[in-house]
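If you want the building blocks of each chain, they are given just below.
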Amino acid sequence: MSEALTAKRVRVCGIVQGVGFRPFIFQLAEERHLHGHVANTSSGVDIHVEGEPSQIEAFIDAISAQAPPLAQITTIESRRVAPGPCSEFKIIPSRQEEGRSTLISPDVSICADCLNELRDPQDRRFGYPFINCTNCGPRYTIIDDVPYDRPKTSMRHFRMCPACQTEYDNPRDRRFHAQPNACDDCGPHVALEVPGGDVRQGAEAVTATARLLADGKIVAIKGLGGYHLAVDATNDAAVARLRRRKQREEKPLALMAPDLETIRTFAHLDADEVEVLASPQRPIVLLRKRRPNTIAPAVSPRNAWFGVMLPYAPLHYVLLAHGFTALVMTSGNLSEEPIAIANGDARERLAPIADALLVHDREILLRCDDSIVRKTDGVTRFLRRARGFVPVPVFLRRRQPSVLACGAELKNTVCLLKENRAFVSQHIGDLENLATYAFFQATIDHLQRILDITPEILACDMHPDYLSTRYARERDGLPLVQVQHHHAHVVSTMAENHLEGQVIGLAFDGTGYGPDGTVWGGEVLIAEAGAYERAAYLTPVPMPGSAAAIKEPWRMAVSYLAHTFDDRFYDLDIPFLATVERRRAEVLVTMGRQGLNAPLTSSLGRLFDGIAALIGLRHQVAFEGQAAMELEMTIAAEDAGLYDYGWKTVDASRRIEIAPIIEGVVADLARGVSGARISRRFHATLSALFTALCDELRSQTGIDRVALSGGVFQNAVFSTELARRLEQSGFRVYTQRLVPANDGGLSLGQAVAAAAIWSRQA
Ligand code: ZN
Ligand code: ZN
Ligand code: FE
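Residues numbered from 1 in each chain as written. Chains lettered and ligands numbered in written order. Predicted model: local features only at pLDDT ≥ 70, side-chain atom pairs only at ≥ 80, totals over all residues. Heavy atoms only, no water.

A.B. asks: I would appreciate a short explanation of the side chain of H446 in the present structure.
C.D. replies: Its place among the elements puts H446 in helix α11 (residues 434-451). Not counting residues within four places of it along the chain, the set of residues in contact with H446 comprises Y140, I143, D144 and L366. (Helix = DSSP H or I, 4+ residues; strand = E, 2+ residues; numbered from the N terminus. Contact = heavy atoms within 4.5 Å.)

Shown next as C-alpha cells:
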C-alpha cells in the first residue's frame with residue numbers, strides 16, 4: 001500500500017441488520033483492497049476501514065449506491081481516525097451498546113435467487129418450503145429481542161447442519177449470517193394433519209394438501225405471520241362452505257394466484273398494479289374484476305374488485321405449483337378474532353372450520369396479517385398496513401419525546417415514537433373481544449422490547465369506553481394525553497407529510513368521539529399538531545338505535561328524510577319508502593326526536609350510508625363502509641351536475657346543511673333518475689361544497705394547505721375528485737400514503753399530537 005494510508009470510522013444507521021449488510025461491506029472492502037472490520041451494533045453497523053484515501057471515499061459512496069435490496073439507510077456518518085494494525089478485512093462479533101435503536105426488517109417475500117433454487121431439482125433445497133437467504137424471508141415475526149441474532153429468534157431450536165453452517169459462516173455466501181438459514185436436513189418441516197387420518201410429513205404433506213384443496217376441502221395453512229384458511233377459489237360450493245363456517249357473510253375473501261399471467265385471466269392489471277403486486281412486500285392489491293372469469297362468485301359477491309396477492313413464502317410457491325388458478329387465502333380466524341399463529345391454538349380454534357391443517361414447527365412469535373393496498377392515481381394507499389411494512393418507521397420532521405399511542409377501537413394499531421421515528425404497529429383489529437385485546441397488549445410489549453422504547457407519555461382517544469383508552473388509563477405512572485379522534489386523523493396526515501403550523505384538516509369517517517357529546521365524523525378543522533378548532537361540521541342528525549344505525553343504513557336514510565321533510569316525508573313518492581314499514585319508520589323518528597338511544601352525529605360516513613340506502617343499494621350491511629363502497633362502485637361516468645349546498649354560521653363555526661342535498665336526491669328519485677347518476681351528483685356536490693368551504697376559510701385565515709384523513713377517503717372517486725378540485729382552487733393538498741387513512745393510521749396522529757399537547761402544557 002502507498003504511504004498515504006488513512007483510516008475512517010463509518011457508522012451506518014437504518015435497516016442494516018439481517019439484510020446481508022455486513023457481507024456486502026466485506027465484499028466492497030475486498031474489491032478496493034481495504035482493510036479493517038465491520039460489526040453490528042445496537043444502533044446500526046460500525047465500520048473501521050483503512051487504505052488509500054480515494055479508495056476509502058469510493059467505498060463510502062458505494063455503501064448507499066449499492067446497498068442490498070432489503071436495506072434502508074437513514075444516515076451514514078464518517079470521521080477520520082488513526083490507522084490501526086489491520087492486515088485484512090474482517091467481520092467481527094456484534095456489540096451491545098446503550099440506547100438500542102437498530103431498525104428491524106419486515107418479513108419479505110422469497111427472492112429470485114431462492115426461488116430459482118427452490119425450483120431446481122439439482123439444488124439441495126429443491127422444494128424445501130423454508131428456503132431463505134439474507135435478501136429474503138421472515139424477520140419481524142420470528143424475533144424476540146435485538147440485536148437480531150439466531151438465539152433471539154424462533155430459529156434458536158434448530159441446530160444448523162454442517163452444510164448450512166458453512167454457508168452461514170462464509171462472508172462470500174448469500175446466506176452469511178442469514179438467521180433463519182435452514183435446509184431439509186436441519187430446519188423446520190411441514191406436516192399435514194387430517195382429523196382421524198395419518199400425519200404426513202414434508203413433500204408428501206404438500207402434495208396431499210394440494211389434493212385436498214383440489215377436492216374442495218378447506219385447509220388451514222401456517223404461513224409467515226399467521227394461519228390462512230385456504231380453499232380452491234374456483235369452487236363455489238367450497239368457498240360458500242368456508243364463508244358459512246367462518247361466519248363471514250359478504251366481506252371479500254383474499255386470493256393468491258401463482259403468477260401475473262394467471263391473475264390477468266380474472267382481473268385487470270396496469271403497470272402500477274403489477275409493480276406493487278410483485279414488490280417484495282407482496283401486499284394484497286385490490287384489482288378490478290375481469291368479466292367473465294372462473295373465480296367463484298362467493299369470493300367477492302356484489303363487488304367490482306378482487307383482493308389479490310402473489311405467493312410470498314416458499315411454501316406458497318410449492319403449493320400453487322399444483323395447477324391452481326387461485327386459492328382463497330383468508331385469515332385463519334373465526335369472524336373478528338385475531339388470526340391463529342400457534343399450532344395448538346390453530347388445532348383448537350380452526351378445527352370447526354378447516355378439514356385439515358398444514359402446520360410447521362417454526363414458531364411465529366408475533367402475529368402479522370397480510371397488508372392490503374389499492375393503487376389510486378399511481379399512488380399506493382393502504383387499507384391495512386401489516387406484513388411487509390411493519391416495523392419500518394415513518395420518519396418525522398423533528399425529534400419527539402418517547403410516546404406510546406394506543407390507537408382507536410376499530411382497525412386498531414398502536415404507535416411508538418422515538419426521536420424522529422414513528423413506529424406504527426401492524427394491524428391489530430377491532431378491540432371488541434378479549435383475544436384481540438390480548439394481542440394489543442402483546443404487540444405493545446413486543447414493540448417496546450424490540451425497539452427498546454420506554455414511553456414517557458401515553459396517548460389515547462377521548463372515548464371513555466374504548467378498550468385502548470382503558471388500557472392507557474390503567475397504565476400507571478405516566479402522563480396521559482387524550483387526543484380528539486379527528487384531530488388525531490388530521491395530525492396523522494400532517495406527520496407523514498412533515499407539515500408544521502396550521503392546516504385546514506378535512507377529517508371524514510364513520511364515528512369518533514366528540515367532546516360536545518355528539519358523534520363526530522364530518523369535521524373541518526383548523527388544526528396544528530397541538531391544537532384544533534372545529535371550523536365546520538355536518539349538521540348533526542340522530543342515529544336511531546346508535547350502533548344499529550351503522551349496521552342498518554336504512555335507519556340513517558329515515559333519519560335524513562325526517563330531518564329534511566319532518567312528517568311530510570311519509571308522503572314522498574320514492575321507491576325507498578315502499579320498502580320501509582311506516583310503523584318502524586315512525587319508531588325511529590320518535591327515538592330521534594326524544595333522544596332515545598339516538599345520539600346525534602355529524603358523520604359523513606353515515607351520510608354516504610344513508611344515500612346508498614335511499615337509492616336502494618342496501619338496507620343492511622355486513623361490514624362497516626359496505627354501503628358507501630357500493631355507492632362508489634355504482635357511480636356513473638358522465639357528469640350529472642350538482643345538488644344545492646350551503647352552510648350556516650353557528651357560534652363561530654359553520655354548520656353544513658344536509659337538507660338541500662337530501663331534497664335533491666329525493667327529487668331525482670321521484671323523477672326516476674338512476675342510482676348511478678345520483679351517486680355521481682352526490683360525489684360531485686361534496687367535492688364542490690368542501691372546496692367552497694376551504695375557499696372561505698382560506699380567505700379568513702390565509703391557510704392554503706389542506707390535509708385529508710379518515711376512512712371516507714378510502715373512497716377513491718371522492719378523494720381523487722376532491723383533491724383535484726382543491727388543487728384547481730390553488731390549495732396544496734396532503735394525503736396519507738405511509739399509513740392508512742382509516743383508523744389504522746390514527747395512532748400516528750395521536751402520538752404526534754400528544755407530544756405537542758404535552759409540550760404546550762409543560
Ligand atoms: Zn433469498
Ligand atoms: Zn441444513
Ligand atoms: Fe376515524
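A.B. asks: Got a minute to help me understand unusual backbone geometry in this structure?
C.D. replies: Glycine aside, negative phi is the norm for most residues, and most peptide bonds take the trans geometry. Following R291, the chain continues into P292 via a peptide bond in cis, with omega recorded as -5°. Within the secondary structure, P292 is located in the loop between β11 (284-288) and β12 (305-309). Note the cis peptide between V390 and P391, where omega equals 10°. Tracing the sequence through the fold places P391 in the loop between β16 (379-384) and β17 (394-405). Located in the positive-phi region is K411, a residue other than glycine, with phi close to 50°. Mapped onto the elements, K411 comes out in the loop between β17 and β18 (415-424). Classification of K411 as partly exposed rests on a relative accessible area of 32%. (Buried < 20%, exposed > 50% of the residue type's maximum accessible area, 1.4 Å probe, protein only.)

A.B. asks: Before we go on, may I ask you to explain the coordination of the zinc ion (ligand 1) in this structure?
C.D. replies: For a metal bound by four donors in a tetrahedral arrangement, the ideal donor-metal-donor angle is 109.5 degrees, while six donors in an octahedral arrangement ideally sit at 90 or 180 degrees. Looking at the zinc ion (ligand 1), the protein donor atoms are C111 (SG), C114 (SG), C133 (SG) and C136 (SG), and they sit 2.3 Å from it. One way to put it: the 4 donor atoms around the zinc ion (ligand 1) meet at angles of 104 to 119°, and that makes the site tetrahedral. Expressed as a motif, the donor residue spacing for the zinc ion (ligand 1) is C-x2-C-x18-C-x2-C. Of this pair, C111 sits in the loop between β5 (89-91) and α3 (112-118) while C136 is found in the loop between α3 and α4 (162-169), placing the two residues 25 residues apart along the sequence. Considered together, C111 and C136 belong to a single accessibility category, that of buried residues. (Donors = N, O, S within 2.8 Å, 3.2 Å for Na, K, Ca; no water. Tetrahedral: all angles 85-135°; square planar, octahedral: opposite > 155°, others 65-115°.)

A.B. asks: I keep staring at the pairing of strand β2 (residues 35-41) and nothing clicks. Help me out?
C.D. replies: Regular strands place their side chains on alternate faces of the sheet. The buried fraction of β2 is high, at 5 of 7 residues. As paired strands, β2 and strand β3 (residues 44-51) are joined by 7 bridges and run antiparallel to one another. Bridge pairing links H37 to H48 in β3. Remark: 2 residues form the turn of the hairpin made by β2 and β3, two consecutive strands paired antiparallel. (Pairing = 2+ DSSP bridges.)

A.B. asks: Mind showing me how you'd approach the coordination of the iron ion (ligand 3) here?
C.D. replies: Coordination of the iron ion (ligand 3) by the protein is provided by H485 (NE2), H489 (NE2), D509 (OD) and D743 (OD), with metal-donor distances spanning 2.1 to 2.3 Å. The site at the iron ion (ligand 3) holds 4 donor atoms, and with the angles between them running 86 to 169°, its shape is irregular.

A.B. asks: Whenever I open this one, the packing of aromatic side chains confuses me. Can you help?
C.D. replies: Aromatic ring pairs are reported here in terms of the distance separating the ring centres and the angle at which the planes meet. Inspection of every chain in the model, using the stated rule, returns 15 aromatic pairs. Taking the centre distance of 5.5 Å and the plane angle of 65° together, the rings of F21 and F24 count as edge-to-face. Separated by 3 residues within a single helix, F21 and F24 lie in helix α1 (residues 21-31), roughly one turn from each other. Look at F508 and F713: their rings are 5.4 Å apart centre to centre, the planes differ by 20°, and that puts the pair in the stacked class. One end of the pair, F508, is in strand β21 (residues 503-513); the other, F713, is in the loop between β28 (705-709) and α22 (716-728), with 205 residues separating them in the sequence. Assigned by exposure class, F508 and F713 land together as buried. Taken together, F508, F608, F682, F690, F713 and F718 form an aromatic cluster joined through their ring pairs. The ring of F306 has K289 lying over it, and the distance from NZ or CZ to the ring centre is 5.0 Å. A cation over a ring is seen here: R374 above W305, with NZ or CZ 4.5 Å from the ring centre. (Phe/Tyr/Trp six-rings, centres within 6.5 Å; stacked < 30°, edge-to-face > 60°. Lys NZ or Arg CZ within 6 Å of the ring centre and 35° of its normal.)

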